[in-house]
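Spelled out, the chains give:
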Amino acid sequence: MSSIGSSTEVVVVGAGIAGLACARALREAGREVVVIDRSDAPGGRMRTDLVEGFRLDRGFQVLLTAYPEAKRVLDYDRLDLRAFYPGALVRWHESFHRVADPFRRPVDGLLGVGSPVGSLVDKLRVGLLRFELGSASLEALASRPETTTGDALDARGFGPAIRERFLRPFLGGVFLERDLRTSSRMFEFVWKMFSSGDIAVPALGMQAIPEQLAGALPPGTVRTGVEVVAAEPGLVRLADGSTLSARAVVVAADGPAAARLLGEVDPGSRSVTCHYFAAPRSPLGEPVLVLNGEGPQDGPVNNLCVESDVSPAYAPPGQALVSATVLEGSPDELDGVTAHLRRWFGAQVDGWRHLRSYHVAHALPDRPEPRAPRVRDGLWRCGDWCEQASINGALVSGRKVAEAVLADLRHA
Ligand SMILES: Cc1cc2nc3c(=O)[nH]c(=O)nc-3n(C[C@H](O)[C@H](O)[C@H](O)COP(=O)(O)OP(=O)(O)OC[C@H]3O[C@@H](n4cnc5c(N)ncnc54)[C@H](O)[C@@H]3O)c2cc1C
């Protein structure tokens, strides 16, 4: 690492997508900015490891292409996005049942009419929900009364079959909790996104997203391998004992780390474990999400996909990359995961090779909430925990803090 120097106009602590989005907006406005991260590369929770020619995202993760801020900030063409099938395969009673978005896959949706994943009335309710959310503005959704996702589903009359077999594992995989206690506003936002865009990954892995943001900054702006141990108005203290002063310090760390730096209440964490396997061929043969419709009594895996069916670059030629996600979970449960997958896919699983397991202790903030960007004069904050627990929320938060800092610098 080259020397950081002792002062700059704005220092951003954290090179996740929130910090990078903030830095980019500041640079575009002509401000001098340095981004510091303790990790070995930018990206924060959006990193992809290259292991034996496989691209392993550090935990299964997707971009919803309808995210409004992502659309604004990212160049989707250059990310070469690869979309999932708009629907899912639900594992229930020893078979896989297709659930399709009836508006985007009308024929599959029609074939699913007799499936045991939900009654016809439930499927009509899905259509009504799509219509209701599709016609509401994001501002209107954000100001609706807030309950839990479970209460929001109850209020719309979803029956137990669709709720337990599809909605709970699907939304559980999105919110990283199966209790459906996530805010109803988040549920409505996410459902609107699913209804109006694709579920996708960049062809070369999720890290391509922060790389695109970092690539828009002048060389040397992002300094990695540097830990900040204290953030104060106009000053950060680094682990090596040196200090860096700035007119504005923006803490863009993840919620728990930011809480320590700022002396605030930790927003809590939702954890997840993702197990990757190399397979000689795909057990699915299509870019579809598989959901555990039986619940944990069937086995630990909540959702699964073959990443190389979505984007072939996730695996070397002639091989497939299987990703199995366990909510919370731990790398020690591998035997239980393999046994579960053998029940789903049979003896072919014996030919799969475990590549790596990622346990992400802080995947999402448990209690994100809108927080003003300003902590006090000269000290600012951003990140998904300050807005909404998603890629979109992190990007919005990064933009908002940049706008606030710019206004402050102009008036100072
Ligand atoms: C497994 C997983 C699955 C997910 N799935 C989805 C999904 O499907 N869709 C979706 O929208 N979102 C998903 N998310 C959430 C999304 O990735 C995050 O909301 C987003 O990446 C948060 O970005 P951020 O910049 O706020 O924080 P982070 O990415 O956490 O960045 C914070 C940075 O601060 C740095 N830092 C912390 N403390 C210090 C310090 N003291 N000194 C220096 N640097 C420090 C860290 O190293 C890190 O790089 C998922 C996350 C995970 C982990």
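Moving on to the overall build of the protein. Scanning the protein for helices and strands turns up 14 helices and 20 strands. Its C-alpha radius of gyration of 22 Å places the protein within 12% of the 22 Å reference for a compact globule of 412 residues. With the C-alpha coordinates of the protein rotated into their principal frame, the extents come out at 65 × 50 × 35 Å. Residues classed as buried in the protein amount to 48% of the 412 residues present. Sequence separation of 24 or more characterises 72% of the internal contacts of the protein that already satisfy a separation of 6 or more.

A few words on the environment of G53. Relative to the helices and strands, G53 resides in the loop between strand 3 (48–51) and strand 4 (54–57). For the pair G53 and A152, spaced 99 residues apart in sequence, the C-alpha separation works out to 43 Å.

The subject of this paragraph is the packing of helix 1 (residues 17–28) against helix 10 (residues 208–215). Close contact between helix 1 and helix 10 brings their axes to 9 Å; oriented N to C, the two are set at 25 degrees. On the basis of their axis angle, the class for helix 1 and helix 10 is roughly parallel. In the crossing of helix 1 with helix 10, the sense of the turn from one axis to the other is left-handed. Across the interface between the two elements, I17, L20, A21 and R24 from helix 1 touch I209, P210, L213 and A214 from helix 10. Residue composition of the contact of helix 1 with helix 10, grouped by class: 7 nonpolar, no polar and 1 charged.

Here we come to the nonpolar core. Proteins that are soluble and globular tend to have nonpolar side chains buried together. By size, the foremost hydrophobic cluster in this structure holds 118 residues, and its most contacted members are V11, V12, V13, I17, C22 and V250. Of the residues forming this core, the biggest block, 8 residues, is contributed by helix 1. Ignoring anything within four residues of it in the chain, the contact list for C22 reads V12, V250, A252, C382, G398, V401 and A402.

Here we come to the domain arrangement of the protein. Structurally, the protein comprises domain 1 (7–46 + 207–268 + 366–411), domain 2 (48–67 + 74–83 + 269–365) and domain 3 (87–197). Between domain 1 and domain 2, the C-alpha centre-to-centre distance is 30 Å. Of all elements in the fold, only helix 10, helix 11 (255–262) and helix 14 (391–411) reach the threshold of two or more residues within the side of domain 1 that touches domain 2. The element contributing the most residues to the side of domain 1 that touches domain 2 is helix 10, with 3 residues. Of the residues in the side of domain 1 that touches domain 2, the class split is 9 nonpolar, 5 polar and 5 charged.

Reading the values: rules and limits
- Per chain, residues are indexed from 1 in the order of the written sequence.
- At least 70 in pLDDT is required for a residue's local features to be given in this predicted model, at least 80 for side-chain atom pairs to be given and counted, and no such filter applies to totals for whole chains, interfaces and linings, which use all residues.
- The helix and strand labels rest on DSSP assignments: H or I over at least four residues marks a helix, E over at least two residues marks a strand, and numbering proceeds from the N terminus.
- Throughout, the radius of gyration refers to the C-alpha atoms, and the reference size of a globule is 2.2 Å times the residue count to the power 0.38.
- With C-beta atoms placed from the backbone, a residue is labelled by how many other C-beta atoms lie within 10 Å of its own: buried for 20 or more, exposed for 12 or fewer, partly exposed between the two.
- The contact rule is simple: place each C-beta atom from the backbone, and if two of them lie within 7 Å, those residues are in contact.
- Between the N-to-C directions of two axes lies an angle of 0 to 180 degrees, each axis being a line fitted to C-alpha atoms and, for a helix, fitted only over the stretch in contact.
- By the definition adopted for this analysis, an angle is roughly parallel if under 35 degrees, roughly antiparallel if over 145, roughly perpendicular if from 65 to 115, and oblique otherwise.
- Should the near helix be turned anticlockwise from the far one by less than a right angle, the crossing is left-handed, and should it be turned clockwise, the crossing is right-handed.
- Gly is placed with the polar residues, together with every amino acid not listed as nonpolar (Ala, Val, Leu, Ile, Met, Phe, Trp, Tyr, Cys and Pro) or charged (Asp, Glu, Lys and Arg).
- For the purposes of this analysis, a nonpolar core is taken to be any set of buried Ala, Val, Leu, Ile, Met, Phe, Trp, Tyr and Cys residues that are connected through C-beta atoms within 7 Å.
- These domain boundaries are the output of an automatic or database domain assignment.

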